[in-house]
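For reference, the chains in residue letters:
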There are 2 protein chains.
Amino acid sequence: MDEKSISRAVINRLPRYYRYLGILLQDKKERISSGELSRMMNVTASQIRQDLNHFGGFGQQGYGYNVEYLHTEIGKILGLDQTYTMIIIGAGRLGQAIAGYVRFEKLGFQVTAVFDSNPDLIGRETVHGMVIRSVDTLADYLRENHVDIAALTLPTEGALQVAPILADGKVRGIWNFAHTDLDLPESIAVQSVHLSESLMQLSYKVNHNHSAEN
Amino acid sequence: MDEKSISRAVINRLPRYYRYLGILLQDKKERISSGELSRMMNVTASQIRQDLNHFGGFGQQGYGYNVEYLHTEIGKILGLDQTYTMIIIGAGRLGQAIAGYVRFEKLGFQVTAVFDSNPDLIGRETVHGMVIRSVDTLADYLRENHVDIAALTLPTEGALQVAPILADGKVRGIWNFAHTDLDLPESIAVQSVHLSESLMQLSYKVNHNHSAEN
């Protein structure tokens, strides 16, 4: 499999394939045809063939894809054959929700610390029993601990203040839930979840009868 | 402005323009050039001109865009000139976080009810003082109340059970946070926020030095 030849559009579709292949694996399904997968995923069979042929893992016509092989290969591309340490900055409800998702831990993302700037929260425990640290200690924490990913679940101003500290602290990726873009060095990966923008997309679709996901 | 001519790709970018124009409005900026907006948004000026020329609202070369006019027009396209009633199904931390975002209310999305299936939560109040209703009363609620949008902040099985009830109840749009796709009539708009898929996109970028957002 030649990773460089895989386009960004295909990469963006891989997590959804990974999810469906995971369901098939749980169901102990060994092989699946592009036709079956097409019906499950509501994507054309030719799209599936185009996307998955990057990974091989298929035999002759009519044999179908090897579910476990494809699941493993797609997981490797997505970096899920590794584990990641993750800190959460912002111990409000969203931050604590994320800290508690067992699914993320199963995927290899281990929450190692939770920070907040609110004196009423600092020193208290999250619902998962982690002591909430002061964001003032973040730079020290990053000097002493390897952190792969920081999830930013705090308001805009806080996120903007914290971003350069994360950059200095050699965090590799930022999962940004704050209502702002971040100005960061090119070396740091950023993935944003802008909830209000997602809600606007929905209100657009509601008014224009777009039922499709994209 | 001919709405039909606006491509889906442009529509997907509109919420971000709306956000930046909102910041400019707050700063009492009346006009902005594509060059200035380009630097703010980190998008090429020619992309901005192409996107925003769908909306008019610009004078002669060198005058720039009328911020308020553009903000209003983009808001209309996104359906933000209307208000929406929203119910939340799943009163866990994520559901309660969403119920509490003042920003969504300012955009016109008003949370009118919160549901859960957990007997320990039903009848208790959310942090925002709404009594959590039993999901068993959802069908009745939908018969008696107009609901535009339902946010699904509950696990997969619950989301799959609730989806047909929402369809029967004439909900117009579903904001889906559950870890599954939903099988719904074409007439219902769906916008999904798949958090684990977002995290996988981030781990991909972390491993491949993709700092860009897309």
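Rules of the game
Residues numbered from 1 in each chain as written. Chains lettered and ligands numbered in written order. Predicted model: local features only at pLDDT ≥ 70, side-chain atom pairs only at ≥ 80, totals over all residues. Heavy atoms only, no water. Helix = DSSP H or I, 4+ residues; strand = E, 2+ residues; numbered from the N terminus. Buried < 20%, exposed > 50% of the residue type's maximum accessible area, 1.4 Å probe, protein only. Areas by Shrake-Rupley, 256 points an atom, 1.4 Å probe, with all protein chains shown as cover. Lys, Arg positive; Asp, Glu negative; His and termini not counted. Charge placed at Lys NZ, Arg CZ, Asp CG, Glu CD. Contact = heavy atoms within 4.5 Å. Buried area = accessible area lost by both parts, 1.4 Å probe. Salt bridge = Lys/Arg side-chain N within 4 Å of Asp/Glu carboxyl O. Polar contact = N/O pair within 3.5 Å; in protein donor to acceptor, adjacent residues only side chain to side chain. Pairing = 2+ DSSP bridges. Least-squares fit on C-alpha atoms with pLDDT ≥ 70 in both. pLDDT = per-residue confidence, 0-100. Axes fitted to C-alpha atoms, helices over the stretch in contact; angles between N-to-C directions. Parallel < 35°, antiparallel > 145°, perpendicular 65-115°, else oblique. Left-handed = near helix turned anticlockwise from the far one by under 90°. Nonpolar A, V, L, I, M, F, W, Y, C, P; charged D, E, K, R; others polar. Expected span 1.5 Å × (residues − 1). Phe/Tyr/Trp six-rings, centres within 6.5 Å; stacked < 30°, edge-to-face > 60°. Lys NZ or Arg CZ within 6 Å of the ring centre and 35° of its normal.

## Points about the overall build of chain A
1) Next: On a plain count of helices and strands, chain A comes out with nine helices and eight strands.
2) Next: Overall, the C-alpha framework of chain A stretches about 60 × 45 × 35 Å when taken along its three principal axes.
3) Next: Burial statistics for chain A: of 214 residues in total, 52% are counted as buried.
4) Next: Accessible surface, chain A as shown: approximately 10300 Å² in total, 46% of it carbon and sulfur.
5) Next: Seen as two clouds, the 20 positive and the 24 negative side-chain charges of chain A have centres 9 Å apart.

## Describing the interface of chain B and chain A
1) Next: Contacts between the two partners involve 63 residues from chain B and, on the opposite side, 63 residues from chain A.
2) Next: Both sides together, the interface formed by chain B and chain A hides about 6100 Å², and carbon and sulfur atoms give 57% of it.
3) Next: Between Asp181(A) and Arg16(B) there is a salt bridge; the shortest N-O distance is 2.7 Å.
4) Next: Our count for the chain B to chain A interface comes out at 29 residue pairs in polar contact (both at pLDDT 80 or more).
5) Next: Tallying contributions element by element places helix H9 (residues 195-208) of chain B first for the side of chain B that touches chain A, with 14 residues.

## Thoughts on the pairing of strand E3 (residues 84-89) of chain B
All names here are of chain B.
1) Next: Of all six residues that make up E3, six are buried, and the element is covered over most of its length.
2) Next: Where E3 and strand E4 (residues 109-116) come together, six bridges link them in parallel fashion. Looking at E4, one finds that Ile-87 is bridged to Ala-113.
3) Next: Examined bridge by bridge, E3 and strand E6 (residues 149-152) share four bridges and lie parallel to one another.

## What about the relation of the copies chain B and chain A?
Both copies of the chain are related through a single rotation about an axis accompanied by a shift along the same axis.
1) Next: With an RMSD of 0.0 Å, the operation that places chain B on chain A is a rotation of 180 degrees combined with a shift of 0.0 Å along the axis. Taken together, the turn and the small shift mark the pair as related by a two-fold rotation axis.
2) Next: When the interface residues of chain B are mapped onto chain A, 100% of them are again interface residues, pointing to one common binding face.

## Quick look at the confidence of the model for chain A
1) Next: Per-residue confidence for chain A gives a mean pLDDT of 90; residues scoring 70 or more make up 92%.
2) Next: Across the interfaces of the predicted complex, the ipTM metric reaches 0.92, alongside a pTM of 0.92.

## Examining the packing of helix H1 (residues 8-26) of chain A against H9(B)
A pair of packed helices is characterised by two quantities: the angle between their axes and the separation of those axes.
1) Next: Orientation of H1(A) relative to H9(B), taken along the N-to-C sense of each, is 130 degrees, at an axis distance of 9 Å. Here H1(A) is positioned oblique relative to H9(B), judged by the angle of their axes. At the point where H1(A) passes H9(B), the crossing takes the right-handed sense. Of H9(B), the residues touching H1(A) (which contributes Arg8(A), Ile11(A), Asn12(A), Pro15(A), Arg16(A), Tyr18(A) and Arg19(A)) are Glu197(B), Met200(B), Gln201(B), Tyr204(B) and Lys205(B).
2) Next: Looking at side-chain class alone, the contact of H1(A) with H9(B) contains five nonpolar, two polar and five charged residues.

## What about H9(B)?
All names here are of chain B.
1) Next: For H9, which comprises 14 residues, the first-to-last C-alpha distance of 20 Å matches the rise-based estimate of 20 Å (1.5 Å per residue) to within 8%.
2) Next: In terms of burial, H9 is largely enclosed, as twelve of its 14 residues are buried.
3) Next: All buried positions along H9 are accounted for by Leu-195, Ser-196, Glu-197, Ser-198, Leu-199, Met-200, Gln-201, Leu-202, Ser-203, Tyr-204, Lys-205 and Val-206.

## Remarks on the side chain of Ser198(B)
1) Next: Position of Ser198(B) among the secondary structure elements: in helix H9.
2) Next: For Ser198(B), a relative accessible area of 10% corresponds to the buried category.

## A word on the packing of aromatic side chains
Residue and element names in this part refer to chain A.
1) Next: All chains considered together, the criterion is met by ten aromatic pairs over all chains.
2) Next: The interplanar angle of 70 degrees and the centroid separation of 5.2 Å between the aromatic rings of Tyr-101 and Phe-104 together place this pair among those described as edge-to-face.
3) Next: For Tyr-101, a relative accessible area of 25% gives the class partly exposed.
4) Next: Between the aromatic rings of Phe-115 and Tyr-141, the centroid separation amounts to 5.4 Å while the plane-to-plane angle is 75 degrees, which identifies the pairing as edge-to-face. With Phe-115 in strand E4 (residues 109-116) and Tyr-141 in helix H7 (residues 138-144), this residue pair connects regions lying 26 residues apart in the sequence.
5) Next: The buried category is assigned to Phe-115, whose relative accessible area is 0%.
6) Next: Here a set of aromatic residues connected by ring pairs shows up, and it is made of Tyr-101, Phe-104, Trp-175 and Phe-177.
7) Next: It is Arg-103 that lies over the ring of Tyr-101; its NZ or CZ is 5.8 Å from the centre.

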